[in-house]
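Spelled out from the first residue to the last, the chains are:
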Amino acid sequence: MTEHVGYDKHDAAGNNSGNSRNGKSAKTIKGTFGELALETPRDRNGTFEPQIIEKHQTRFTGFDANILSLYSRGLSTREIQQHLEEIYGVEVTAGLISSVTDEVLDEVKRWQNRQLDPVYPIMYLDAIQFKVRDNGHVRNKAIYLAIGVTIEGYKEVLGLWIAQTEGAKFWLQVVTELKNRGITDIFIACVDGLKGFPEAIESVFPQTEVQLCIVHLVRHSLKFVGYKQRQEVARALKTIYTAASEAAAAERLEEFAAKWDSKFPLIAKAWRANWPRVIPFFAHPPEIRKVIYTTNAIESLNMSLRKISKTRGSFPNDDALLRLLFLALRNIAKKWTRKTVTDWQSALNRFAILYEDRLPLASLGEHS
């Protein structure tokens, strides 16, 4: 009300202002939490509009949404109870919070089974570990995540799956499900260095180029290097993946091997073994290289999910984990309003040339 009329209660600034406070009106609000006595301030002109609970409203339907909002930000059941009591003066039972969050599972199922776009120019695939109680024991379980970049250039979480451990066999199930949900083509799939992962993707989408995450490969390489020489080796590796072309990168790799093979023979060997998965991004200009040579897009998402779940030592079951991650992903995705590549139209035109006849013509027309 102070904001509405423009002055504090009893302030002389309100004299002859044209509007003033006019007492309060009482009513009882009903909701899933029970009943709540409420007093709403009034103004003389009748122009004040309450924002949380509107005029003539007798049932508070937004209470469930508040519970879900707090839950999605990682608050525990006890913290949600305390928060709602402080704001509304209402005692909320743990059972109510549980029943409200349980209803999310139906939404998760619909979301997980929704139809997907036929073509995603870029896709990121990665897994993250969480602790979950299982048959009386706390186990590490892998949550598999897939992020697609749409024809319009925006990121979209395509699904999340849970399994005991990360493995190429389960990734095969994931990409098969993605195909069954309507995806017919992926131009570039960005993955980490998990053994058998690229082959799992190519068995379902044989035309897809699999781009190994360069950051993962560099980290793997530096495991063989002592602390004192780590920066020097990292700089030498950078000359490989920042080269202007595939041919130039191959020359830098040979130069690296000539200098460092005597001390760290496994590094150049690893790069050569993965070379077909290292080089796809060299076919693209710098602005596209930035988004496909690393899985940072999905690792950034994983970091956000870890922050949200850090208050929990473990989850009581798989459903509790899926509920929280789904709600958290929904919040995070609301902020994805910028295109993955600034000049997405140029990227689309380049994709149309490189992946001839695979990009829908309608999409080029819409964005030209």
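Residues numbered from 1 in each chain as written. Predicted model: local features only at pLDDT ≥ 70, side-chain atom pairs only at ≥ 80, totals over all residues. Heavy atoms only, no water.

A.B. asks: I keep staring at the pairing of strand β5 (residues 155–163) and nothing clicks. Help me out?
C.D. replies: As a general feature of sheets, a regular strand has side chains that alternate between the two faces. Note: strand β4 (residues 137–149) against β5, 8 bridges, orientation antiparallel. The residue bridging Ala142 from the neighbouring strand is Ala163, located in β5. The antiparallel pairing of β4 with β5 creates a hairpin that spans 5 residues between the two strands, and Gly153 there sits at a positive phi of about 100 degrees. (Pairing = 2+ DSSP bridges. Helix = DSSP H or I, 4+ residues; strand = E, 2+ residues; numbered from the N terminus.)

A.B. asks: In this structure, what is going on with the sheet that holds β5? I would like to understand it.
C.D. replies: Hydrogen bonds along the backbone pair up the strands of a sheet, which may run parallel or antiparallel. The 5 strands lie next to each other as β5-β4-β3-β6-β7, forming an open sheet whose pairing is mixed. Of all the strands in the sheet, just β5 and β7 (209–212) have a single pairing partner and so form its edges. For this sheet, the mean angle separating the axes of adjacent strands, direction not counted, is 25 degrees. In the sheet, strand β3 (residues 119–134) pairs with strand β6 (residues 185–191) via 5 bridges, with the strands oriented parallel. Bridge pairing links Ile122 to Ile188 in β6. Running at roughly 135 degrees to β5, helix α6 (residues 168–180) makes contact with β3, β4 and β5 of the sheet. Strands in contact with helix α15 (residues 318–333) are β3, β4 and β5; relative to β5, the strand with the most contacts, it is inclined by about 170 degrees. (Axes fitted to C-alpha atoms, helices over the stretch in contact; angles between N-to-C directions. Contact = heavy atoms within 4.5 Å.)

A.B. asks: I tried to follow the pattern of salt bridges on my own but got confused; where do I start?
C.D. replies: Any two side chains of opposite charge can pair if their charged atoms end up close together. Evaluated as defined, the whole model comprises 17 salt bridges. For the salt bridge of Asp318 with Lys141, the shortest nitrogen-to-oxygen distance reads 2.9 Å. You can see Asp318 sitting in helix α15 and its partner Lys141 sitting in strand β4, a full 177 residues away along the chain. A relative accessible area of 6% places Lys141 in the buried class. A salt bridge links Arg252 to Glu251; the shortest N-O distance between them is 3.3 Å. Taking the relative accessible area as the measure of exposure, Arg252 reaches 22% and is therefore partly exposed. Counted as one network, the salt bridges with shared partners bring together Asp134, Arg139, Lys141 and Asp318. (Salt bridge = Lys/Arg side-chain N within 4 Å of Asp/Glu carboxyl O. Buried < 20%, exposed > 50% of the residue type's maximum accessible area, 1.4 Å probe, protein only.)

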